[in-house]
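Spelled out, the chains give:
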Amino acid sequence: MKRSVSGIAALVAITMSMLGGNLSAQEKTALVSERDKVSYAVGVDVASSFEPVGPFIDLAAFEKALKNAFSGGQPLISENEARETDQALRINIAASQGQPIPGMPPGSTPPPVDKSKVGLMLGGFVVGQALAPMKDDIDVAVLMQAMRTALGKTGTPLLTVEQAQAEMQAFMTRQQGQAGAKNRAEGLSFLAENKAKKGVITTPTGLQYMVLREGNGARPLPSSRVRVNYVGTLLNGTKFDSSYDRGQPAEFGLNQVIPGWTEGVSLMPVGAKYRFWIPSELAYGPNGAPGGVIGPDATLTFDVELMGILQ
């Protein structure tokens with residue numbers, strides 16, 4: 001699951017833009033540090049997601065809400081206010097684009113939206129929450145400078161849209177590499193210690209397992225289709241998947257899953273329950289899994305009950 005910061009538009013409920021605010025006396029004239037480059041690139045990306053909202057947003061309120069989100073504070077407006085503001089904003093944008101407004105005569109002007117609340121909504125509930133995981137890598141002042149330049153159409157951009165996209169891709173690649181190195185080290189350390197525990201068996205591929213309950217049925221082939229109940233967790237205990245939570249067993253072919261599952265479930269007789277510790281090379285490898293919970297080179301734990309062989 002990859003986490004992508006590029007394309008904040010995908011996280012925003014509506015397409016938006018922002019008018020320029022007052023220029024800071026300390027604005028950058030060049031991007032020297034990696035933090036500056038990342039911050040400016042994120043600002044360009046956010047600005048590109050905000051196109052039609054310029055007349056309807058207070059920039060100072062947006063920045064205030066963004067900083068508040070980064071500091072871990074509660075949103076500065078309630079969820080009800082945010083929903084009402086979102087609806088009013090949608091109506092105002094539609095009217096500004098000449099679109100008909102349900103329940104209003106053609107050409108009508110809707111009640112004005114509160115610009116401060118628009119800023120607080122977007123900064124607190126949308127952009128702030130989306131960027132909070134990378135807050136330590138962002139200088140808010142530089143991000144805001146990029147947004148003012150892009151949306152106010154004033155000053156000289158320090159990165160083009162294409163350069164900003166390239167910078168964000170490079171940043172994500174660096175982040176993924178760092179996370180992968182950390183996960184690899186933790187996984188190797190865990191597996192080295194775990195293999196010495198009573199009842200843990202290690203196969204030649206590095207897969208580790210423990211029999212939690214014996215079974216007395218047939219064993220599936222690596223090409224078999226099976227019915228199983230299972231729960232999957234990270235080494236820190238975070239649960240990322242569970243057929244129990246969905247309320248029904250899962251069915252799939254063992255040639256359609258990660259190698260650790262193909263090998264491990266093939267060892268199980270029907271009726272058995274095993275615990276597997278799957279090293280990253282037998283799981284999702286350096287890319288992790290879609291969705292962001294399973295990071296690059298993560299070692300995974302699964303408790304699996306083999307309920308039946310379907311074919």
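As a convention, each chain's residues are numbered from 1 in the sequence order in which they are written. In keeping with the model being predicted, local features are shown solely for residues with a pLDDT of at least 70 and side-chain atom pairs are shown and tallied solely at 80 or more, while totals for entire chains, interfaces and linings include all residues. Only hydrogens and water are set aside when side-chain values are computed; all heavy atoms of the structure are taken into account.

**Student:** Which residues make up the pattern of salt bridges, and what are the values?
**Tutor:** Salt bridges are identified by distance alone: a Lys or Arg side-chain nitrogen within 4 Å of an Asp or Glu carboxyl oxygen. Summed over the entire model, instances satisfying the criterion amount to 17 salt bridges. Residue E305 pairs with R213 through a salt bridge whose shortest N-O separation is 2.9 Å. Here R213 lies in strand β2 (residues 208–213) and E305 lies in strand β7 (residues 300–309), a separation of 92 residues in the sequence. Connected via shared salt-bridge partners are E34, K37, E167 and R174. To qualify as a helix, a DSSP run of H or I must reach at least 4 residues; to qualify as a strand, a run of E must reach at least 2; elements of each kind are numbered from the N terminus.

**Student:** Explain the side chain of N229 to me, using residue names and the numbers behind them.
**Tutor:** The residue N229 is located in strand β3 (residues 225–234) in this model. In this description, contact between two residues means that some pair of their heavy atoms is separated by no more than 4.5 Å. Discounting residues that sit within four places of it in the chain, N229 has contacts with S243, Y244, Q248, P249, D303, V304, E305 and M307.

**Student:** With reference to specific residues and values, describe the packing of helix α3 (residues 79–96) against helix α4 (residues 115–131).
**Tutor:** In helix packing, the relevant descriptors are the interaxial angle and the interaxial distance, both defined with respect to the helix axes. Between α3 and α4, the shortest axis-to-axis distance is 9 Å and the interhelical angle comes to 115 degrees. Like other packed secondary-structure pairs, α3 and α4 cross with a definite hand, here left-handed. Only K117, V118, M121 and F125 of α4 make contact with α3, whose side of the interface consists of E79, E81, A82, T85, D86 and L89. Classes in brief: Ala, Val, Leu, Ile, Met, Phe, Trp, Tyr, Cys and Pro nonpolar; Asp, Glu, Lys and Arg charged; the others, Gly included, polar. The residue makeup of the contact of α3 with α4, split by class, is 5 nonpolar, 1 polar and 4 charged. Axes here mean lines fitted to C-alpha atoms, for a helix over just the part in contact, with angles spanning 0 to 180 degrees between N-to-C directions. What makes a crossing left-handed is the near helix being turned counterclockwise from the far one by less than a right angle; a clockwise turn instead makes it right-handed.

**Student:** Which residues make up helix α8 (residues 259–266), and what values go with them?
**Tutor:** In this scheme, a residue with accessible area under 20% of its type's maximum is buried, one over 50% is exposed, and one in between is partly exposed, where area comes from a 1.4 Å probe on protein chains only. With 6 of 8 residues buried, α8 lies mostly within the body of the structure. Those residues of α8 not exposed but buried are G260, W261, T262, G264, V265 and S266. The inward-facing, buried residues of α8 abut β3, β5 (250–253), β6 (273–278) and β7.

**Student:** Hey, could you go over α4 for me, with residue numbers and the actual values?
**Tutor:** One axis fitted to the seven residues ending at a residue, another fitted to the seven starting there: the angle between these axes is the bend at that residue. A bend of about 35 degrees at G123 is the largest found in α4. Counting buried residues in α4 gives 12 out of 17 residues, a clear majority hidden from the surface. Along α4, the residues classified as buried are V118, G119, L120, M121, L122, G123, G124, V126, V127, G128, A130 and L131. The residue sitting at the N-terminus of α4 and contributing the capping side-chain oxygen is D114; that oxygen lies 2.9 Å from the backbone nitrogen of S116. Here a polar contact is recorded for every N or O atom pair within 3.5 Å, except that within protein the pair must consist of a potential hydrogen donor and a potential acceptor, and residues adjacent in sequence are included only if both atoms are side-chain atoms.

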